[in-house]
Amino acid sequence: MKDKIRIASGQGFWGDLIDAPYNQVTKGEVDYLVMDYLAEVTMSILQKQKMRNPTLGYARDLPDLMKRILPVCIEKGIKVITNGGGVNPVACADAILDIAMNLQIKKLDIAVVIGDDIRSNIDEIIFSGCELKNMDTGESIVPYKSKLVSANVYFGALPIVEALQRGADIVITGRTTDTGLTLAPMIYEFGWDKNNYDLMAAGTVAGHILECGAQSSGGNFLGDWKSIDNMAEIGFPIAEAYPNGDVIITKHKNTGGRVSFETVAEQLVYEIGDPTSYITPDCVADFTSIKLEDLGNDRVRVYNVKGKEATDSYKVSCSYADGYSAVASLTYSWPDALTKAKAADKILRQRLANLNLKFDEIRTEFVGYNSTHGPLATEIDEDKINEIMLRIAVRSKDHDSLKRFGMEIAPLILTGPPSVTGFAGGRPRPNEVIAYWPALIPKKLVEPQVKILELK
Amino acid sequence: MKKRLLDIAHGRSGDKGDAANVGIIAYDDKGYEIIKKQLTKERVKEHFKGICLGEVERYELPNIRALNFILNNTLGGGGTVSLKHDAQGKTLAAALLRMEVDE
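### Quick word on the overall build of chain A
Phase 1 of the analysis: When its secondary structure is counted, chain A shows 12 helices and 19 strands.
Phase 2 of the analysis: In terms of overall dimensions, chain A is globule-like: its C-alpha atoms have a radius of gyration of 25 Å, near the 23 Å expected for 456 residues.
Phase 3 of the analysis: Each principal axis of the C-alpha atoms in chain A carries an extent, and together these give about 75 × 55 × 50 Å.
Phase 4 of the analysis: Contacts in chain A between residues at least 24 apart in sequence constitute 76% of all its contacts with a sequence separation of at least 6.

Take a look at the structure:
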């Protein structure tokens, strides 16, 4: 058994710094590279891509990335674990195998974790008595069934552990928890018992710290952010894990950013609910038990983590089409920038009303004044404002109303208040709104499957 | 003496569906005593009047000198439904740091 392993975070979301994974595998020693690509809305986008082309439906940045890092990973024995398989992990693995072949790599085992996509057997699930009730509203999914775009179960670390045990060099999953990606190599390397919930919680907490990339190593830091060194070359976080569950969060030397008590603490409180019950498929972690020790030199020890037995259900994330939205903006300059923007908003709203268009919501915000803090924004002296951007967003089930909304923006330039600019790129177009439906499903109703694809 | 919360604490916020989570971390033990005492559920709800339209939940993490607030019914529907410029509540931690506390 290894006395420690180093797990590197390579992406905090799909669209994160392209070079981050390459830097993680080349700028210092690591054993694993983990990458989280999936947000709730991502699954529905991928599902739509797959419906148009059955060979798509995964994070398309991934094959390009693998082309760059695969030779390094093979040379150094670094394993890659990612949920970038989206709704089509097999096609993703095939694309990577093609790349490996072109790179003349001799041996490569890619594991795929599937079984999370329950859209096709939703009727069976409902028939068995599970109505996939919305966790927020308690509503049954039955009336929304025909509108569903995607429905995926969040698996945890265990299918990835199986993949590693079967010799995988790369593990591509569909919907897997971000934390499971990091916990899995610890279970595998240290032979942890899956019923030792303190250890499961320790790895889960490390996963939570890694899952948003540089957000724990100095990025988006609300403390003394001005003192963060060299954000341009920010180092992504690395979890140095030990068999007893201790984890040291660090980053490669000669990279920018910072790993400190404060930067790690900020990530710990990110997107959590009740801190005593951080629920994953692997355990229920108690974030109030975590101890942090700042060791200096960009090293923070995370220890004493306590956990409890996992629940008997998985979380399910469904999405369904729910009408359309559009956003428009115009920029007004000094003098009286805010007054002009407010007047334009009033004129536009009257025109929309006169046209009898149907909207579920019209929302106006003044960027430069109150678009982030709303009523908490302090009053401003009009004479000191250089410019204000008027931002108007609308939502409707009626596509035609939104199309017409898009035609009413540019006319404001010649038929409204003066010194206005910023209308480029044509009319605002209606975008499909994908609503999100969180639910629970008994674990016994779904079975994760692991398949190994070998280089031929 | 009055102080801005910004001077004794930092934090981070994000989305959980239509709810926002706001985590606030004091820089030292003295600061934690202040936020623990003064950042009550009621005071935070009042602070976010017009932004948070639902209940406020409050949790303590004394181990990292932090409080976590869940602001229900805050993000205009959340996710891709929300029309808000800050649909994910990313700037709400900073918004809470505007609050004045007694030292």
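### With respect to the environment of Ala87(B)
Residues and elements named next belong to chain B.
Phase 1 of the analysis: You can see Ala 87 is positioned in the loop between strand S5 (66-71) and helix H3 (92-96).
Phase 2 of the analysis: As for Ala 87 and Met 99, which are separated by 12 residues in sequence, their C-alpha atoms are 22 Å apart.
Phase 3 of the analysis: Not counting residues within four places of it along the chain, the set of residues in contact with Ala 87 comprises Leu 75, Gly 76 and Ser 82.

### Re the interface of chain B and chain A
Phase 1 of the analysis: The partner chain A presents 42 residues to the 32 residues of chain B that form the contact.
Phase 2 of the analysis: Looking at the side of chain B that touches chain A, the elements that each hand over two or more residues are strand S2 (9-16), strand S3 (19-26), strand S4 (56-61), S5 and H3 of chain B.
Phase 3 of the analysis: Top element by residues in the side of chain B that touches chain A is S2(B). It accounts for 5 residues.
Phase 4 of the analysis: Residue composition of the side of chain B that touches chain A, by class: 12 nonpolar, 13 polar and 7 charged.

### Here we look at the confidence of the model for chain B
Phase 1 of the analysis: Chain-level statistics for chain B give a pLDDT mean of 96 and a share of 100% at 70 or above.
Phase 2 of the analysis: Under the prediction, the complex receives an ipTM of 0.98, its pTM being 0.97.

### Overview of unusual backbone geometry
Residue and element names in this part refer to chain A.
Phase 1 of the analysis: Of note, the amide linkage connecting Trp 334 to Pro 335 takes the cis form, showing an omega dihedral of 0°.
Phase 2 of the analysis: Within the secondary structure, Pro 335 is located in the loop between strand S14 (313-333) and helix H10 (337-354).
Phase 3 of the analysis: Within the chain, Asn 220 stands out as a residue other than glycine whose phi angle is a positive 50°.
Phase 4 of the analysis: Along the chain, Asn 220 turns up in the loop between helix H8 (197-210) and strand S7 (238-241).
Phase 5 of the analysis: Unlike most non-glycine residues, Ser 419 shows phi in positive territory, near 45°.

### Thoughts on the domain arrangement of chain A
Phase 1 of the analysis: What the domain assignment lists for chain A is domain 1 (5-116 + 154-311) and domain 2 (321-437).
Phase 2 of the analysis: Computed from C-alpha coordinates alone, the two centres of domain 1 of chain A and domain 2 of chain A are separated by 39 Å.

### With respect to the sheet that holds strand S13 (residues 306-308) of chain A
Residues and elements named next belong to chain A.
Phase 1 of the analysis: Across the sheet, which stays open at both edges, the 3 strands sit in the order S9-S10-S13 with antiparallel pairing between neighbours. Both edges of this open sheet fall to strand S9 (278-279) and S13, since each of them pairs with a single strand only.
Phase 2 of the analysis: Pairing between S9 and strand S10 (residues 284-286): 2 bridges, direction antiparallel. Note on S10: the bridge partner recorded for Tyr 278 is Ala 285.
Phase 3 of the analysis: The strands that H8 touches are S10 and S13; relative to S13, the one it contacts most, it runs at about 115°.

### Some words on the sheet that holds S2(B)
Phase 1 of the analysis: The strand order S2-S3-S5-S4 (chain B) describes an open sheet built from 4 strands, whose pairing is antiparallel. In this open sheet, the two edge strands, each paired with only one partner strand, are S2 and S4 of chain B. Here the strands of the sheet are splayed against their neighbours by 15° on average, with no regard to which way each runs.
Phase 2 of the analysis: Examined bridge by bridge, S2(B) and S3(B) share 8 bridges and lie antiparallel to one another. Paired with Ser13(B) across the strands is Val22(B), a residue of S3(B).
Phase 3 of the analysis: Running over the sheet, helix H9 (residues 261-268) of chain A touches S2, S3 and S5 of chain B and is turned about 30° from S2(B).
Phase 4 of the analysis: Lying on the sheet, helix H1 (residues 29-38) of chain B is in contact with S2, S3, S4 and S5 of chain B; it crosses S3(B) at an angle near 145°.

### Examining the nonpolar core
Phase 1 of the analysis: By size, the foremost hydrophobic cluster in this structure holds 161 residues, and its most contacted members are Ile110(A), Ile160(A), Val171(A), Ala184(A) and Ile24(B).
Phase 2 of the analysis: Sort the elements by how many residues they give to this core and H8(A) lands first, with 9 residues.
Phase 3 of the analysis: Counting the residues that make up this core, at least three belong to each of domain 1 (5-116 + 154-311) and domain 2 (321-437) of chain A.
Phase 4 of the analysis: For Ala184(A), the residues in contact, after removing those within four places along its chain, are Ile81(A), Ala157(A), Ile160(A), Val161(A) and Leu164(A).

### Some points on the packing of helix H6 (residues 158-165) of chain A against helix H7 (residues 178-190) of chain A
Residues and elements named next belong to chain A.
Phase 1 of the analysis: Running from N to C, H6 and H7 cross one another at 45°; their axes reach a closest spacing of 8 Å. Relative to H7, the element H6 is oriented oblique. The two elements H6 and H7 meet at a crossing, and its hand is right-handed. Contacts from Ile 160, Val 161, Leu 164 and Gln 165 in H6 reach Gly 180, Leu 181, Ala 184, Pro 185, Ile 187 and Tyr 188 in H7.
Phase 2 of the analysis: Broken down by class, the residue content of the contact of H6 with H7 amounts to 8 nonpolar, 2 polar and no charged.

### Describing helix H4 (residues 89-102) of chain A
Residue and element names in this part refer to chain A.
Phase 1 of the analysis: Compared with the 20 Å implied by 1.5 Å per residue over 14 residues, the 20 Å span of H4 between its first and last C-alpha is a close match.
Phase 2 of the analysis: Of all the positions in H4, only Pro 89, Ala 91, Cys 92, Ala 93, Ala 95, Ile 96, Leu 97 and Ala 100 are classed as buried.
Phase 3 of the analysis: Packed against the buried residues of H4 are helix H3 (61-76), strand S4 (109-114), strand S6 (170-173) and strand S19 (449-454).
Phase 4 of the analysis: Taken from the residues just after H4, Gln 104 is the one with a positive phi, measuring 60°.

### Regarding the environment of Gln215(A)
Residues and elements named next belong to chain A.
Phase 1 of the analysis: Residue position: Gln 215 is located in the loop between H8 and S7.
Phase 2 of the analysis: By C-beta crowding, Gln 215 is classed as buried, having 25 other C-beta atoms within 10 Å.
Phase 3 of the analysis: Sequence spacing of Gln 215 and Ile 248 is 33 residues, and the spatial spacing of their C-alpha atoms is 16 Å.
Phase 4 of the analysis: Contacts of Gln 215, omitting those with residues within four sequence positions, involve Gly 12, Asn 220, Gln 267 and Tyr 270.

Definitions and cut-offs
Along every chain, residues carry numbers that run from 1 in the direction the sequence is written. Here every chain gets a letter starting at A, and every ligand a number starting at 1, in the order they are written. Residue-level local features of this predicted model are given only where pLDDT is at least 70; pairs of side-chain atoms are given and counted only at 80 or more, and the full residue set underlies all totals for whole chains, interfaces and linings. Helix and strand labels come from DSSP, where a helix needs a run of H or I of at least four residues and a strand needs a run of E of at least two; each type is numbered from the N terminus. Radius of gyration here uses only the C-alpha atoms, and the compact-globule reference equals 2.2 Å multiplied by the residue count raised to the power 0.38. Residues are treated as contacting if the C-beta atoms built from their backbones sit within 7 Å of each other. Each residue is assigned to one class: nonpolar for Ala, Val, Leu, Ile, Met, Phe, Trp, Tyr, Cys and Pro, charged for Asp, Glu, Lys and Arg, and polar for all the others, Gly among them. Confidence per residue, as judged by the predictor, is encoded in pLDDT with a range of 0 to 100. Bear in mind that the domain bounds are from an automatic or database domain assignment. The pairing criterion is simple: DSSP has to find at least two bridges between the two strands. Angles run from 0 to 180 degrees between N-to-C directions of axes, and those axes are lines fitted to C-alpha atoms, restricted for helices to the stretch in contact. Put simply, a nonpolar core is a cluster of buried Ala, Val, Leu, Ile, Met, Phe, Trp, Tyr and Cys residues tied together by C-beta atoms within 7 Å. Whether a residue is buried, exposed or partly exposed follows from its count of other C-beta atoms within 10 Å of its own C-beta, namely 20 or more, 12 or fewer, or something in between, respectively; the C-beta atoms are built from the backbone. Oblique is the label for any angle not covered by the other classes, which are roughly parallel (under 35 degrees), roughly antiparallel (over 145) and roughly perpendicular (65 to 115). Left-handed describes a crossing in which the near helix is turned anticlockwise from the far one by less than a right angle; the clockwise case is right-handed. Take the residue count of a helix, subtract one, and multiply by 1.5 Å to get its expected span.

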